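# Tertiary structure, described
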Amino acid sequence: MKELKDNQRCYVCGKDNPTGLHVPFTVDHTTRTITGRFTPRQEHEGWEGIVHGGIIAALLDEAMVKLAAHLGEPAVSAEITVKFKAPVASGEEILVTGKMIKESSRMIEAEAKVEKGLIVVAEAKGKLLRI
């Protein structure tokens, strides 16, 4: 497989993607965690007033993969399991966090969650394939 190159067009975090979400993420190398804040808009809705689950899943996926890359372990998603626990309304700021759980020679296991205030609205477990 070829080397992964960041062209800044990632749908979730890319600065050069005019239709992207532009989520700013911060990585803590000491705790091996990532955080990002995002306020979805009406164009991110599935049902009226409710953010589409695919947007939430994309945020979770990005937190896990971006964390691995920033820790010097470039990877792509091999498997992701998402549990939705509560809806998110457009206009509500949400916090996306992720952390590394386990690493082997080929795979990385990670977890991520989306919270609004003190409520966990979605969580994911992922298996990432090292590149």
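Our structure is the block above this text.
Presented here is a report on the structure given in the accompanying data block. (Residues numbered from 1 in each chain as written. Predicted model: local features only at pLDDT ≥ 70, side-chain atom pairs only at ≥ 80, totals over all residues. Heavy atoms only, no water.)

### Some details on the overall build of the chain
Under the convention used in this document: Numbering goes from the N terminus for both helices and strands, where a helix is a DSSP run of H or I of at least four residues and a strand is a run of E of at least two. For a compact globule the rule gives 2.2 Å times the number of residues to the power 0.38, and the radius of gyration it is set against comes from C-alpha atoms. Remark: exposure states derive from per-residue accessible area (1.4 Å probe, protein chains only) relative to the maximum for the residue type, with buried under 20%, exposed over 50%, and partly exposed in between. Two residues form a contact once any of their heavy atoms are found within 4.5 Å. The method behind every accessible area is Shrake-Rupley, applied with a 1.4 Å probe, and residues are considered shielded solely by the protein chains displayed. Just so you know, the count uses Lys and Arg for positive and Asp and Glu for negative, and it drops His and the chain ends. We put the charge of a Lys on NZ, of an Arg on CZ, of an Asp on CG and of a Glu on CD.
A tally of regular secondary structure across the chain gives one helix and six strands. Overall, the chain shows an N-to-C arrangement of helices and strands of β-β-α-β-β-β-β. At 14 Å, the chain has a C-alpha radius of gyration in line with the 14 Å of a compact globule built from 131 residues. C-alpha atoms of the chain, sized along the principal axes, occupy 45 × 30 × 25 Å. Burial status across the chain gives 34% buried among its 131 residues. For the chain, restricting intrachain contacts to residue pairs at least 6 apart in sequence, the fraction spanning at least 24 positions comes to 59%. For the chain, the exposed surface amounts to about 7,800 Å²; the carbon and sulfur share of it is 52%. Averaged over its 18 positive side-chain charges, the chain has a centre that lies 5 Å from the centre of its 18 negative ones.

### A short note on helix H1 (residues 53-70)
Note the cut-off: Here, expected helix span is obtained from the residue count minus one, scaled by 1.5 Å.
For H1, which comprises 18 residues, the first-to-last C-alpha distance of 26 Å matches the rise-based estimate of 26 Å (1.5 Å per residue) to within 8%. Burial in H1 covers these residues: Ile55, Ile56, Leu59, Leu60, Glu62, Ala63, Met64, Val65, Lys66, Leu67 and Ala68. On its buried side, H1 packs onto strand S1 (25-28), strand S2 (33-38), strand S3 (75-84), strand S4 (94-103), strand S5 (107-116) and strand S6 (119-130). Looking one or two residues beyond H1, the residue adopting positive phi is Gly72, at roughly 85°.

### Comments concerning the pattern of salt bridges
So the rule is basically this: Take a side-chain nitrogen of Lys or Arg and a carboxyl oxygen of Asp or Glu: if they are within 4 Å of each other, that pair is a salt bridge.
Going through the model one piece at a time under the given rule, you end up with nine salt bridges. For Lys116, the salt bridge is made with Glu92, and the minimal N-O distance between the two is 3.4 Å. Here Lys116 is found in strand S5, whereas its partner Glu92 is found in the loop between S3 and S4, with 24 residues between them in sequence. The closest approach of N and O atoms between Arg130 and Glu103, which form a salt bridge, is 3.0 Å. Here Arg130, found in strand S6, pairs with Glu103, found in strand S4; they are 27 residues apart in sequence, far enough to count as distant. On the basis of relative accessibility, which here comes to 36%, the residue Glu103 falls in the partly exposed class.

### Some points on the pairing of S5
Condition: If DSSP finds at least two bridges between two strands, the strands pair.
Note that S4 and S5 share eight bridges and pair antiparallel. Along S5, the bridge assignment pairs Glu103 with Ile108. Linking S4 back to S5 in an antiparallel pair, the connection comprises three residues. A loop of two residues connects S5 with S6, the two strands running antiparallel in sequence, and Gly117 in this loop sits at a positive phi of about 65°.

### Some thoughts on the environment of Ala78
With respect to the element layout, Ala78 can be found in strand S3. Each C-alpha atom, one on Ala78 and one on Arg130, is 9.4 Å from the other, the two residues being 52 residues apart in sequence.

### Thoughts on the side chain of Thr97
Relative to the helices and strands, Thr97 is located in strand S4. Looking at Thr97, the relative accessible area reads 16%, which means it is buried. Other than its neighbours up to four places away in sequence, Thr97 contacts Ile34, Thr35, Ala63, Glu111, Ala112, Lys113 and Glu115.

### Considering the pairing of S6
Summarising the sheet, S3 and S6 pair through nine bridges and their orientation is antiparallel. Of the residues in S6, the one forming a bridge with Thr81 is Lys125.

Just distances and angles here, no functional claims.
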